[in-house]
Amino acid sequence: MAAVKLPDGRELTVEPGEKAREVAERIGKRLARDAVVAKLDGRVVDLDAPVDGGGLFEVVTRDSDEGLEVLRHSTAHAMAQAIMELYPESKLTIGPPIENGFFYDIEVDGKISDDDLPAIEEKMREVVARDLPIVREAVSKAEAEELYKDNPYKMEIVEALEDGDITIYRQGEFFDLCRGPHVPSTGALGAFKLQNIAGAYWRGDEKNPMLTRIYGTAWGSEKELKAYLRRLEEARARDHRKVGKDLKLFTFSPDVGAGIPLFLPKGEMLRHLMEGYVREVQTRHGYDHVWTGNIANETLYTKSGHLEHYREDMFPPMVDGETRIRLKPMNCPSHMTLFNTEAHSYRELPIRYAEFSTLYRYEKSGQLTGLTRVRALTQDDAHVFCTEDQVQEEFARALEIIREVLDTYGFEDYKVRLSLRDRGSDKYVADDEKWTRAEEALRQALDAAGIAYEPVEGEAAFYGPKADFMAKDVLGREWQLSTIQVDFIQPARLGCEYIGEDGEAHTPVLLHRAVTGTTERFMAVLIEQYGGAFPLWLSPVQAVVIPVADRHLPYAREVQSKLAGDGLRVEVDDSQNSMQKKIRENARQKVPYLLIVGDNEAGEGSVNVRKRGEKNQEAVEVEAFMRQAQEEISARGPRGRD
RNA sequence: GCCUGAGUAGCUCAGUGGUAGAGCAGCCGCCUUGUAAGCGGCAGGUCGGGGGUUCGAAUCCCUUCUCAGGCUCCA
């Protein structure tokens, strides 16, 4: 008689051939009802699978991550069935579960659009109502080939599989080549909603045919589905494109060009503050700021190798007689040129050049998105020329800057992806010893800083290993912001040298690093992180003085000039609106402080402070407000939000 | 670049073959206000651009520009 072990340590004897579902029922009725699949020694299996004992037996319920994944996968099948019934000549390809839902890529018989989604959803509900048992079936390769003789996509998948390792899942008339596992019947699906239709190339390759991808979301209960849809709503309300328009930060115009953001006064103030902050931190950490303009001779990029490796992402050249000029896509060649303007001794190293100039990259038109993907972008870029021995220390220094800045902005949850070479591959530049040392240096620096990192082999740049910072915003979305890269290659190509202790010429190692990445993308992330309610130090307008009646305007201006004299960014709302409306409008602009002034305030030299997000008011002396605001600004806190 | 969809007043949107609309913003008046919309009036459009179908086009077709969501999460 075989036995299984339960997660709580108990042992349970199982009959030969007893199914997972039956074992679950013996553990508990309620558990069996919530069960989606089971796990045997960590391997996920259908509830219909026999439990032959021996290992750890776990029941996976629909509220666990794994259970949800199965639920979503099964929902994808239900959608595929619905589509096959509505558009019978369609060809299925792949339909995996994804974060929050699922998709299915289908070569649809005919044309479908978003308007057809409700009908498909309706058909899916029919499939659910039929409560068809979902049955796993092992098939031979030959059988699979026969089943899919009219479907080249599935055929391609079958061809790649080992005979004896092929299964299909059936539910009623419908079947799909699938590894599984799945919920026991179509009636066991949870709450779902089809979301949108998109095109997707077969296997993601633009040389392949375009398939129709339908995205859906699926959850264990109606309540969870609703909560998810509400989260989506909230995210939309924070969308930087919407907030940027509402708060008059930036705009785009086809007259100027796609992917070229135009910053309005408040947006430019925000840029200025963001860059000023990074500049201050960098200066404190020994970086020097330089400026190398926006265009460069094409020959520079021939030397650096960019023209060869990066041509597609560069704007076409401007031709001036014999000379070809390019918009600058990266700063590194320019910084190396600066380095080469004089001879260097090892005593001068490290040399750290930082720059905020705008770069131009010819992103494909379909890739452009708000501020997160633009053609004119401003990196907070820096290049550190150092000796090999200094790599670890300089890496640690860059790390420190990045941590300080991310902390200030409230990105407390981030991880590092340490991209290493794939030892088997030859696409990386040789010199094994250098690589090993560099990788080791990066690991040690990360360990010393106590930062969790995930090493990923084969993701390194061709010129060296790198560490990318993945930060999570308040909505739980992950962004790649900061990066630190070690470069063994380019300095030699551009002829960078320093004279070492030994009197010989050596090639320095180059560290490329960016703190916030690009000002544009980081601004987008910040707008969404704060929902437009920036902390005081970062607010384009820090306070608006609102006179109760027109006769208080002179006092309002007096207050404004006092505060402005103290360096605060203050406006007076002298519009013809009522006081109530001024409060409403300025509150909607997320101004941190509204200062109401009327007879009382003018009489005693005070302001009535209404803080963003708070309704209670407080009368304070102008000087006291100034002190308090300055304190808040220099602490770069408290965090924004409303 | 490709797929699907969208583009109407500064903004948000209604209008599906028969005289281009609303709210907000703007301008002009009145009101002089005590903590999230005071009242009245006026003005505002090549319906993204170009071409076509039609007696007639915001509406149908073609084309072009811009925007949105996608385009390896690998059965």
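Source: prediction; values computed, not measured. In every chain, residue numbers begin from 1 and rise along the written sequence. Written order decides the labels, with chains lettered from A and ligands numbered from 1. Local features in this predicted model are restricted to residues of pLDDT 70 or higher, and side-chain atom pairs are both shown and tallied only at a pLDDT of 80 or more, whereas totals for entire chains, interfaces and linings draw on every residue. Only heavy atoms go into the side-chain values, all of them from the structure, while hydrogens and water stay out.

K.L.:
Hey, could you go over the nonpolar core for me, with residue numbers and the actual values?
P.N.:
Core analysis: the biggest nonpolar cluster contains 85 residues, and Tyr409, Leu538, Leu563, Leu595, Val607 and Phe625 have the highest contact counts within it. Broken down by element, this core gets its largest block of residues, eight residues, from helix H13 (residues 391–408). In what follows, residue pairs with any heavy atoms lying within 4.5 Å of each other are defined as contacts. When near neighbours in sequence (up to four residues on either side) are disregarded, Leu595 contacts Ala543, Val544, Val545, Ile546, Leu563, Val607, Asn608, Val609 and Phe625. Here, the term nonpolar core denotes a set of buried Ala, Val, Leu, Ile, Met, Phe, Trp, Tyr and Cys residues that are joined through side-chain atoms within 4.5 Å. The rule is simple: take the accessible area with a 1.4 Å probe, protein chains only, and divide by the maximum for that residue type; under 20% is buried, over 50% is exposed, in between is partly exposed. Membership of the second largest hydrophobic core comes to 38 residues, among which are Val37, Val60, Tyr104 and Trp219. Starting at the N terminus, helices and strands are each numbered in turn, a helix being any DSSP run of H or I of at least four residues and a strand any DSSP run of E of at least two.

K.L.:
Break down the pattern of salt bridges for me, citing the residues and quoting the values.
P.N.:
Take a side-chain nitrogen of Lys or Arg and a carboxyl oxygen of Asp or Glu: if they are within 4 Å of each other, that pair is a salt bridge. Counted according to the given criterion, the structure contains 32 salt bridges. For Glu520, the salt bridge goes to Arg271, with nearest N and O atoms at 3.0 Å. Of the two residues, Glu520 sits in helix H16 (residues 519–530) while Arg271 sits in helix H9 (residues 265–284), which places them 249 residues apart along the sequence. Taken as a pair, Glu520 and Arg271 share a single burial class, namely buried. The partner of Arg324 in a salt bridge is Glu298, with the nearest N and O atoms 3.0 Å apart. Of the two residues, Arg324 is situated in strand E19 (residues 323–327) and Glu298 in helix H10 (residues 298–304); the sequence distance between them amounts to 26 residues. Where salt bridges share partners, they join Glu85, Lys123, Glu126 and Arg130 into one cluster.

K.L.:
Before we move on, could you go through empty space enclosed by the protein and cite the residues and values that matter?
P.N.:
Put simply, the grid is 1 Å and covers the protein atoms alone, a cavity is a trapped set of points that fit a 1.4 Å probe, a pocket is an open set with protein on both sides within 12 Å along at least five of seven lines, and lining residues have an atom within 4 Å of a point. Grid points are joined across faces, edges and corners, and a volume is the space filled by probe spheres set on the points. Summed over the entire model, instances satisfying the criterion amount to one cavity of 30 Å³ or more. Here the largest cavity is characterised by a volume of approximately 40 Å³.

K.L.:
Summarise the packing of aromatic side chains; cite the residues concerned and give the values.
P.N.:
Whether two aromatic rings pair depends on their centres lying within 6.5 Å, for rings of Phe, Tyr and Trp, where Trp uses its six-membered ring; planes under 30 degrees apart make the pair stacked, over 60 edge-to-face, and the rest tilted. The final tally for this structure, using the stated rule, is 16 aromatic pairs. Ring centres of Tyr277 and Tyr409 lie 5.9 Å apart, and the angle between their planes is 85°; this geometry places the pair in the edge-to-face category. In this pair, Tyr277 sits in helix H9 while Tyr409 sits in the loop between H13 and strand E23 (414–420), placing the two residues 132 residues apart along the sequence. With relative accessibility at 3%, the residue Tyr277 sits in the buried group. When the centroid spacing of 5.7 Å and the interplanar angle of 40° are considered together, the rings of Tyr409 and Trp537 count as tilted. Taken as a pair, Tyr409 in the loop between H13 and E23 and Trp537 in the loop between H16 and strand E30 (543–547) lie far apart in primary sequence, 128 residues in all. Across the pair, Trp537 and Tyr409 agree in class, each one buried. Here a set of aromatic residues connected by ring pairs shows up, and it is made of Tyr277, Tyr409, Phe411, Phe522 and Trp537. Charge over a ring is defined by NZ of Lys or CZ of Arg lying within 6 Å of the ring centre and within 35 degrees of the ring normal. The lysine or arginine in question, Arg213, covers the ring of Phe103, its NZ or CZ lying 3.6 Å from the ring centre.

K.L.:
Please set out the pairing of strand E8 (residues 101–107) residue by residue, giving values where relevant.
P.N.:
Across the seven residues of E8, six count as buried, placing the element largely inside the fold. Two strands are counted as paired when DSSP detects at least two bridges linking them. Note that strand E6 (residues 91–92) and E8 share two bridges and pair antiparallel. Residue Lys91 lies in a different strand from E8, and its bridge partner there is Glu107. Inspection of the sheet shows strand E7 (residues 97–98) paired to E8 by two bridges, in the antiparallel sense. Directly across from Ile98, in E8, lies its bridge partner Gly101. Once E7 ends, the chain turns through two residues before running back antiparallel as E8, passing Asn100 with a positive phi of about 70°. Of the strand pairs in this sheet, E8 and strand E13 (residues 210–219) are connected by six bridges, and their pairing is antiparallel. Paired with Phe103 across the two strands is Tyr215, which belongs to E13.

K.L.:
Describe the protein's contact with RNA strand B, naming the residues involved and giving the relevant values.
P.N.:
Around RNA strand B, 60 residues are found, and the nearest of them are Asn196, Ser365, Lys581, Glu601 and Asn608. Nearness is judged by heavy atoms alone; a residue qualifies as near a molecule or strand once a single heavy atom is within 4 Å of it. For RNA strand B, the fraction of atoms within 4 Å of the protein that belong to sugar or phosphate moieties is 50%. Tyr201 places a polar side-chain atom, nitrogen or oxygen, 2.7 Å from a base nitrogen of RNA strand B. The contact in question runs from a phosphate oxygen of RNA strand B to an N or O atom on the side chain of Ser578, over 2.8 Å. For the surface near RNA strand B, the secondary-structure elements that each account for two or more residues are helix H6 (152–159), strand E10 (166–171), strand E12 (191–201), E13, helix H8 (240–246), helix H18 (579–588), helix H19 (599–604) and strand E33 (606–611). Ranked by residue count, the leading element in the surface near RNA strand B is H18, at seven residues. Pairing of N or O atoms within 3.5 Å defines a polar contact, subject to two protein rules: one partner must be a possible hydrogen donor and the other a possible acceptor, and residues neighboring in sequence count only if both atoms are side-chain atoms.

K.L.:
Tell me about the sheet that holds strand E31 (residues 570–572), and please be specific about residues and values.
P.N.:
In spatial order, the strands read E31-E30-E32-E33-E34; together these five strands make up an open sheet with mixed pairing. A strand with exactly one partner marks an edge of an open sheet, and here the two such strands are E31 and strand E34 (617–621). Taking each pair of neighbouring strands and ignoring which way they run, the sheet shows an average axis angle of 30°. Pairing of strand E32 (residues 593–597) with E33 involves four bridges; the strand directions are antiparallel. What sits directly across from Tyr593, in E33, is Lys611. Along the sheet face, helix H20 (residues 622–634) touches E32, E33 and E34 and points at about 105° away from the line of E34. A fitted line through C-alpha atoms serves as each axis, taken over the contacting stretch for helices, and the angle formed by two N-to-C directions is quoted from 0 to 180°.

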